[in-house]
Amino acid sequence: YVLDEQVGFLMRVAMQRHTAIFMSRMVEQLTQTQFAALAKLHEVGACSQNHLGRLIYLDAATIKGVVDRLAARGFVTALSDPKDRRRRAVALTEQGRAVTEEATKVAAEITAATLTTLTLEEQRTVARLLKKLG
């Protein structure tokens, strides 16, 4: 067993590198999870908090904390559904939309920096294989 050859270890090392790049460049000090929530809301529009969590692979407790922090910063609104008080509808605010559009441009640069050591074909292969693993 050679640790440096194990896929889980290698993915963690790659993720640590990506996270360092992300955190050093992302606008508004957004975390990766916060950015994912904003980007998905920008993509799909308003949706329930629970559905948003499922779309970005977060459990109910985690997405609640993410939404609460984004709401406190004025990036999203989270309103109770008048038909079901247990549900919360989450939507981008105007400020959230502007931040998301800026952050999305930076995210493309972050992806390019993360993959800079790979050829274009290798970059496509990595993305395809990661999707297959997920």
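As shown above, the structure is provided for reference.
Described in the following lines is the structure provided in the data block. Values in this document were obtained by computation on a predicted structure and should not be read as measured data.

**Focus on the overall build of the protein**
Summing up its helical and strand segments, the protein has six helices and three strands in all. Listing every helix and strand of the protein by position from the N terminus yields α-α-β-α-α-β-β-α-α. Expressed as lengths along the three principal axes of its C-alpha atoms, the size of the protein is roughly 55 × 30 × 20 Å. Residue burial in the protein is summarised as follows: out of 134 residues, 28% are buried. Here the protein displays about 8900 Å² of accessible surface, and carbon together with sulfur accounts for 57% of that area.

**Remarks on the sheet that holds strand S2 (residues 76–81)**
Taking strand neighbours across the sheet as the criterion, the three strands line up as S1-S3-S2 in an open arrangement whose pairing is antiparallel. At either end of the open sheet lies a strand with only one pairing partner, and these are strand S1 (47–48) and S2. Direction of pairing for S2 relative to strand S3 (residues 84–92): antiparallel, over a ladder of six bridges. Note that in S3 the partner of Val-76 across the bridge is Leu-92. Of the strands in this sheet, S1, S2 and S3 touch helix H2 (residues 32–44), which is tilted by about 90° from S3.

**A closer look at the nonpolar core**
Counting 26 residues, the largest nonpolar core has Met-26, Leu-30, Leu-38, Leu-41, Leu-52, Leu-70 and Val-76 as its most contacted members. Taken together, the elements giving at least two residues each to this core come down to helix H1 (7–25), H2, helix H4 (60–72), S3 and helix H5 (94–114). Residue contributions to this core peak at six residues, all from H5. If we ignore the near neighbours within four places in the chain, the residues touching Leu-52 are Ala-37, Lys-40, Leu-41, Cys-47, Ile-63, Val-67 and Val-90.

**Focus: a nonpolar patch on the surface**
On the surface, Val-7, Met-11, Val-126, Leu-130 and Leu-133 cluster together into a nonpolar patch covering about 460 Å² of accessible area. Elements represented by at least two residues in the nonpolar patch include exactly H1 and helix H6 (120–133). Within the secondary structure, Leu-133 is located in helix H6. Judged by its relative accessible area of 62%, Leu-133 is exposed.

**What to know about the packing of H1 against H5**
For the pair H1 and H5, interaxial distance at closest approach is 10 Å and the crossing angle is 145°. In terms of crossing hand, the pair formed by H1 and H5 is right-handed. Across the interface between the two elements, Arg-17, His-18, Ile-21, Phe-22 and Arg-25 from H1 touch Val-106, Glu-109, Ile-110, Ala-113 and Thr-114 from H5. Of the residues assigned to the contact of H1 with H5, the class counts are five nonpolar, two polar and three charged.

**Examining the packing of aromatic side chains**
Inspection of every chain in the model, using the stated rule, returns one aromatic pair. Taking the centre distance of 6.2 Å and the plane angle of 55° together, the rings of Phe-22 and Phe-35 count as tilted. Taken together, the residues Phe-22 in helix H1 and Phe-35 in helix H2 connect sequence positions 13 residues apart.

What counts and what doesn't
Residues numbered from 1 in each chain as written. Predicted model: local features only at pLDDT ≥ 70, side-chain atom pairs only at ≥ 80, totals over all residues. Heavy atoms only, no water. Helix = DSSP H or I, 4+ residues; strand = E, 2+ residues; numbered from the N terminus. Buried < 20%, exposed > 50% of the residue type's maximum accessible area, 1.4 Å probe, protein only. Areas by Shrake-Rupley, 256 points an atom, 1.4 Å probe, with all protein chains shown as cover. Pairing = 2+ DSSP bridges. Contact = heavy atoms within 4.5 Å. Axes fitted to C-alpha atoms, helices over the stretch in contact; angles between N-to-C directions. Core = buried A, V, L, I, M, F, W, Y, C linked by side-chain atoms within 4.5 Å. Patch = residues over 30% accessible without salt bridge, like charges linked within 9 Å, V, L, I, M, F, W, Y side chains within 5 Å. Salt bridge = Lys/Arg side-chain N within 4 Å of Asp/Glu carboxyl O. Left-handed = near helix turned anticlockwise from the far one by under 90°. Nonpolar A, V, L, I, M, F, W, Y, C, P; charged D, E, K, R; others polar. Phe/Tyr/Trp six-rings, centres within 6.5 Å; stacked < 30°, edge-to-face > 60°.

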